Amino acid sequence: MTEPPLRAAILPVTPLQQNCSLIWCTKTMRGAFVDPGGDLPKLREAVQRAGVTIEKIIVTHGHIDHCGSAGIFAQELGVPIEGPHEDDRFWIARLEDDGRNYGVTGKPFEPDRWLVDGDTVTLGDLTLDVRHCPGHTPGHIVLHHPESRLAIVGDVIFAGSIGRTDFPRGNHQQLLDAIVQRLWPMGDDTSFIPGHGPMSTFGQERLTNPFVGDAVLAG
């Protein structure tokens, strides 16, 4: 069996059990952490186990459980941070306060590169597409690797649910539009890693999701 071009390990972190993803290019063994919200000893151990060289940190959005430790980890590893979209700057600015409220380490940071819809992010020899999917937060981005039929969606959509939109500058209609217009075209056979809980496929969610299933939206 040939090695897939991209591999991913899901590492739940923080008391909020947020899915941090370690993703890497199997050809070069160079990789990235997506949303290293906390529990850095666990993440260091995962890198060592996988034998991966981390070349960047990618952030889907500015919530504490997704990026509270991103700046600390990037500094430790000497790597850049890419993402999210700049509309989440206000969330990143308040990481310290949010950290105190949730009992999670939070340190504000300035990404080396804000991402916009249509950007690409490289990882070893791989290229991932960036889609801006606001609604849960205004600056939320999603990563897509078409060749692997894999998306990393943060808190946009979950198995059987969608992201909350009752936070500052959340927008329910924007979230629904982003899912239908930007995620569904990736294909029903695309699997996704959500920010919490188990993986699913877009096809499964179109069939059964009580918020964005085809039958629900057609109703």
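For the structure, check the block above.
Now for a quick tour of the structure. The structure presented is a predicted model; accordingly, all values stated were derived computationally and were not measured.

1. So, the pairing of strand β1 (residues 6-13)
Part 1: Strand direction decides the pairing type here: β1 and strand β2 (residues 18-25), joined by eight bridges, are antiparallel. In the strand pairing of β2, Val 13 is matched with Gln 18.
Part 2: Taken together, β1 and the strand that follows it, β2, pair antiparallel across an intervening segment of four residues, in which Thr 14 is found at a positive phi of about 65 degrees.

2. Some thoughts on the nonpolar core
Part 1: By size, the foremost hydrophobic cluster in this structure holds 26 residues, and its most contacted members are Phe 33, Leu 43, Ile 57 and Phe 109.
Part 2: Elements with a minimum of two residues in this core: β1, β2, α1 (40-50), β4 (53-58), α2 (64-67) and α3 (70-77).
Part 3: No other element matches the four residues that α1 contributes to this core.
Part 4: Apart from residues no more than four positions distant in its own chain, Leu 43 is found in contact with Leu 11, Val 13, Cys 20, Phe 33, Pro 36, Gly 38 and Phe 73.

3. Looking at the packing of aromatic side chains
Part 1: Counted under the stated rule, the structure contains five aromatic pairs.
Part 2: With a centroid separation of 5.4 Å and 35 degrees between ring planes, the pair formed by Phe 90 and Trp 91 is classed as tilted.
Part 3: On the basis of relative accessible area, Trp 91 is assigned to the buried category, the value being 3%.
Part 4: Summarising the aromatic geometry, the rings of Trp 91 and Phe 167 are spaced 5.9 Å apart at their centres and angled 90 degrees between planes, so their arrangement reads as edge-to-face.

The rules behind these values
Residues numbered from 1 in each chain as written. Predicted model: local features only at pLDDT ≥ 70, side-chain atom pairs only at ≥ 80, totals over all residues. Heavy atoms only, no water. Pairing = 2+ DSSP bridges. Helix = DSSP H or I, 4+ residues; strand = E, 2+ residues; numbered from the N terminus. Core = buried A, V, L, I, M, F, W, Y, C linked by side-chain atoms within 4.5 Å. Buried < 20%, exposed > 50% of the residue type's maximum accessible area, 1.4 Å probe, protein only. Contact = heavy atoms within 4.5 Å. Phe/Tyr/Trp six-rings, centres within 6.5 Å; stacked < 30°, edge-to-face > 60°.

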